[in-house]
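Descriptive analysis of the structure
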Amino acid sequence: MKIPLRALPEVIKNLFSKPATIKYPAVKAEVFDAFRGRIVFTQSECIGCDMCVRVCPAKAIKIIPSEQTHAEKKIFDCLMDLNHCIFCGACADACPKNALESSQDFELAQLDKTKLKLHYK
Amino acid sequence: MPKITIPLGPQHPALKEPENFMLVLEGERIDKASINLGYNHRGIEKACEERTYIQDIYLLERVCGICSHSHTSCFVGCVEEIAKVEIPERAQALRILMGELERAHSHLLWLGVAAHEIGFDTLFMYTWRDREHVLDCLELISGNRIHYAMNIIGGVRKDINAKQKNEILKRMDILEERTNYYVKLITQEPTILARTQNVGLLPTQEALKRNAVGPTLRASNVKSDVRKDDPYLMYDKLDFKVITADSCDVFGRVFVRVFELIESYKIIRQIINYLPTGAIAVKVPWKIPEGAAVGRYEAPRGEDIHYVKANDSIKPERVKVRAPTLANFASVRYMLEGGYLADVPIVIAAIDPCMSCTDRSLVLDGEKTSSYSWNDLRLMGIEFYKKKGIDFSKVKI
Amino acid sequence: MTLDSVLSPLFFILVFPGFFFLSVYGTFLEWVDRKCYALMQNRIGPPIYQPVADFIKLLAKETIIPKHCDTALFKTLPFFAMASVITAMLLVPVWPQALFPFQGDLVVIIYLLTIPTMTFFLAGWSSSSPFATIGAVRVLTQLFAYEVPLMLALLGPAILAGSWNITEISKFMFQNPLLLIVQIPGFLIAVITLQGKLERLPFDIPHGETEIVGGAFTEYSGGLLAFFNLAIDMEMVVGAALINAVFLGGSMGADGILAIVVFLGKTTFIVLLLSVLKAIMARIRIEQMINFCWKILAPLSLIQIAMNIALKIRIG
């Protein structure tokens, strides 16, 4: 059955309803709690087991011994290459001490590539 | 009337990914069509052999942006079969939940793209707006909108709680109401009917002969669905229908997909309401014993096949992916020939093509009998690019 | 010959209602169209300066001219299109009276409005690229489809008024508002065919982007494309103004500034109708378009004319 101008009522209804889009940079987009954004690193927790390095599919993460010397125990730095990171969160899952965790930070675009190489100390 | 040949693609507004269709036109009619694949070859299968099974999951997820869960489920299913692991029921249910949400997201996206190809941008905007509800559900569960990274070998990564269940059910009600509206719109709006009915005809016999899969085959009136024919996970315990259409044209494909949306919502409701209890994953060692397995999975676009060969190490020996689009391309040529130029975009879009899914095959030339090793191919590649003035010989792999 | 007799036509051509007014009002109407289209699709839509920004951006871009085309023709066509549209505007009444009214200006204006379409054809044909050639052929095919119903629809009020003069027709329609009700089918046919003339959805077949890229304008870029777009915007104003004058009684007896306000209001209303049409339909195929125009619109407009002739005999 053909009804000409079938979409007309819907179109008129939408003309007077609130737009579904947002003016993004001015109005912030919301993400859910479970969102997997930039990975954050807690240095005091890391034991240097390299599990995250082994699971990382993009080879974006490196754990190196820290330059600062500490008497009690060995501490580690995390080198994170956001150029490579695919935000799968596999490193956070693999970490036995929860030293790595997904944050909700997703506005990571940079004009300068070197700024995407993070060094967590 | 003189015949002219026009190249549709690799850069063309109707194609979302680069692929080339050479069309020989006689006025507005298409006399002959040929398809050239290979603009998207990324070497994913080879890359899989260089990585561990766990890393491969995230790599294979990126075979396709839209059926990301399908590819990983299929691959993980194969690996579990080789390792002889039985995954918990709750993990199976959660995999199906993600799979059906993905089907809803894919079909809504496709409906929008199809509407855009026939110039109905309003429908395009509406379906993509409503698709946001599905993407919200996916992000709610897994933490990402497209690449959910939900599967691991032995189960799934994230569980869902009562609050998330309510949120999903709430969104399913909205989506069902909207989908019912789209059913009315596509079956009643004269311009949509004018552009889809009797366009891109693919009779049942031709569809079977050319090995079409998924909604394309079902729209040619063949009851074929891996979920029913060869049930995996726990699909045999679920109540749903296989939608077919007997019109064998683009309208049939729209019809099948829109009604599959409603079936998907039904499955999602069943899963949420009767979610088995228990663990969501079992531990599987990194090393997978020797063996090979073939997995079949009903992706939104049709049957997806993975072949995995393991050799008692942490890396697979061979991974082969047959994406549904490749199976459907043989029918596209048949559907294009004899049609109008104006119908080319919608006929190509009607199989829901995913070019980057498809482009990992090599064409074997029957005349040449010599075979190449991986290193030979690499040297050939370096020679090829040297002629174009790019030197890759110093790149290390 | 006094200075005034030279200056005032120059003013008419360049400022009001010529080039300057048409370009400003044309870009404004483009914004109205885009914003309304966006709202109907549940989007926010572009800000008011967007069409101007687009125009300036295109002007700043490099203009690439294909090797194998007729360069002189390729470069002058956008300005031909614009000039003919501006000339047409001088014949449409913006005030109660057109600037240069004469018997038969209705025919002349239809002729002048055909010239832009011909330039689209020549633009596509001279670019010598497959997509542009197909677009050019479609432009001509479509011209033959919508031109006859449009002409017949505009003929209806002319027969009733017993005049070929747009100003007289609009005066007549205003004096007999009841006759307007009888003209509704004719008005709708004119709006639909205007949509075809402006090559907008569902009749954007000559440059349906998913089929033949940019159609006749595939090879156009930079400033030349900007002026073509401007010419199309201007054509929209003239088309709306023509329908306003012929069917809706022009300025409705108002004078001075008020007449311009009425003119702006009613042309905006017609453009809104056009954008609603654009939002609710899919693009149809060229042969469906021809069938629709010849088998539905043309007979309907003939019935309208027959009705008008009967009415004319009745009221004397």
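Okay, so let's go over this structure. The residue numbering used here restarts from 1 in each chain and proceeds along that chain's sequence as written. Chains and ligands are labelled by the order in which they are written, letters from A for the one and numbers from 1 for the other. Totals for whole chains, interfaces and linings use all residues, but because this is a predicted model, local features are given only for residues with pLDDT of at least 70 and pairs of side-chain atoms are given and counted only at 80 or more. Only hydrogens and water are set aside; all other atoms, that is, all heavy atoms of the structure, feed into the side-chain values.

Bringing the interface of chain B and chain C into the picture now. Buried accessible area, meaning the area lost when the parts come together, often serves as the stated size of an interface. Residues count as neighbours in contact if any of their non-hydrogen atoms are within 4.5 Å of one another. Contacts between chain B and chain C engage 30 residues on the former and 25 residues on the latter. Values labelled buried area give the accessible surface lost by two parts on being combined, using a 1.4 Å probe and summing over both. In total, about 2300 Å² of surface goes out of reach between chain B and chain C, with carbon and sulfur atoms giving 58% of it. Salt-bridge detection follows one rule: a side-chain nitrogen of Lys or Arg within 4 Å of a carboxyl oxygen of Asp or Glu. At the surface where chain B touches chain C, the tally comes to three salt bridges. The residue R285(C) makes a salt bridge to D343(B) at a minimum N-O spacing of 2.8 Å. Side-chain atoms alone can form a polar contact between residues adjacent in sequence; in general such a contact is a pair of N or O atoms within 3.5 Å, and within protein one must be able to donate a hydrogen while the other accepts it. Summed over the shared surface of chain B and chain C, the number is eleven residue pairs in polar contact (both at pLDDT 80 or more). Elements represented by at least two residues in the side of chain B that touches chain C include exactly strand 1 (4-8), helix 4 (89-117), helix 5 (121-142) and helix 7 (190-196) of chain B. The greatest single-element share of the side of chain B that touches chain C, amounting to five residues, is contributed by helix 5 of chain B. Each residue is assigned to one of three groups, with Ala, Val, Leu, Ile, Met, Phe, Trp, Tyr, Cys and Pro labelled nonpolar, Asp, Glu, Lys and Arg labelled charged, and all others, Gly among them, labelled polar. Looking at the side of chain B that touches chain C residue by residue, the class counts come to 18 nonpolar, five polar and seven charged. Under the DSSP-based scheme used, a helix requires at least four consecutive residues in state H or I and a strand at least two consecutive residues in state E, with every element numbered from the N terminus.

This next bit is on the nonpolar core. Side-chain atoms within 4.5 Å are what join buried Ala, Val, Leu, Ile, Met, Phe, Trp, Tyr and Cys residues into a set we call a nonpolar core. Accessible area is worked out with a 1.4 Å probe on protein chains only. A residue is then buried under 20% of its type maximum, exposed over 50%, and partly exposed in between. Core analysis: the largest hydrophobic core is formed by 210 residues, its most contacted members being F21(B), L23(B), F75(B), L97(B), L101(B), L336(B) and Y220(C). Of all the elements, helix 11 (residues 222-247) of chain C adds the most residues to this core, at 18 residues. Setting aside anything within four residues of it in sequence, one finds L23(B) in contact with I4(B), T5(B), I6(B), L8(B), I30(B), K32(B), A33(B), L336(B), L341(B) and V344(B). Counting 21 residues, the second largest nonpolar core, distinct from the first, contains I39(A), C52(A), I63(A) and L100(A).

Mapped onto the elements, E189(B) comes out in the loop between helix 6 (162-188) and helix 7. Neither His nor the chain termini are counted; the positive set is Lys and Arg, and the negative set is Asp and Glu. The buried charged residue E189(B) lacks any salt bridge, with R6(A) as its nearest oppositely charged partner at 7.2 Å. A distance of 2.7 Å separates polar atoms of two side chains, one belonging to E189(B) and the other to T191(B). Among all residues touching E189(B), those that are not within four sequence positions of it are I3(A), L5(A), R6(A), A7(A), F120(B), I280(C) and M281(C).

Here we take up the packing of aromatic side chains. Residues and elements named next belong to chain C. Put simply, two rings from Phe, Tyr or Trp (the six-membered ring, in Trp's case) pair if the centres are within 6.5 Å, and we call them stacked under 30 degrees between planes, edge-to-face over 60, tilted for the rest. Inspection of the entire model under this criterion finds 27 aromatic pairs over all chains. Ring geometry for F79 and F227: centres 5.1 Å apart, planes at 50 degrees, overall tilted. Here F79 is found in helix 4 (residues 71-91), whereas its partner F227 is found in helix 11, with 148 residues between them in sequence. Aromatic rings pair up to connect F21, Y25, F28, W31 and F263 into one cluster.

Note that every value here comes from positions in space, so none of it alone points to a role or purpose.
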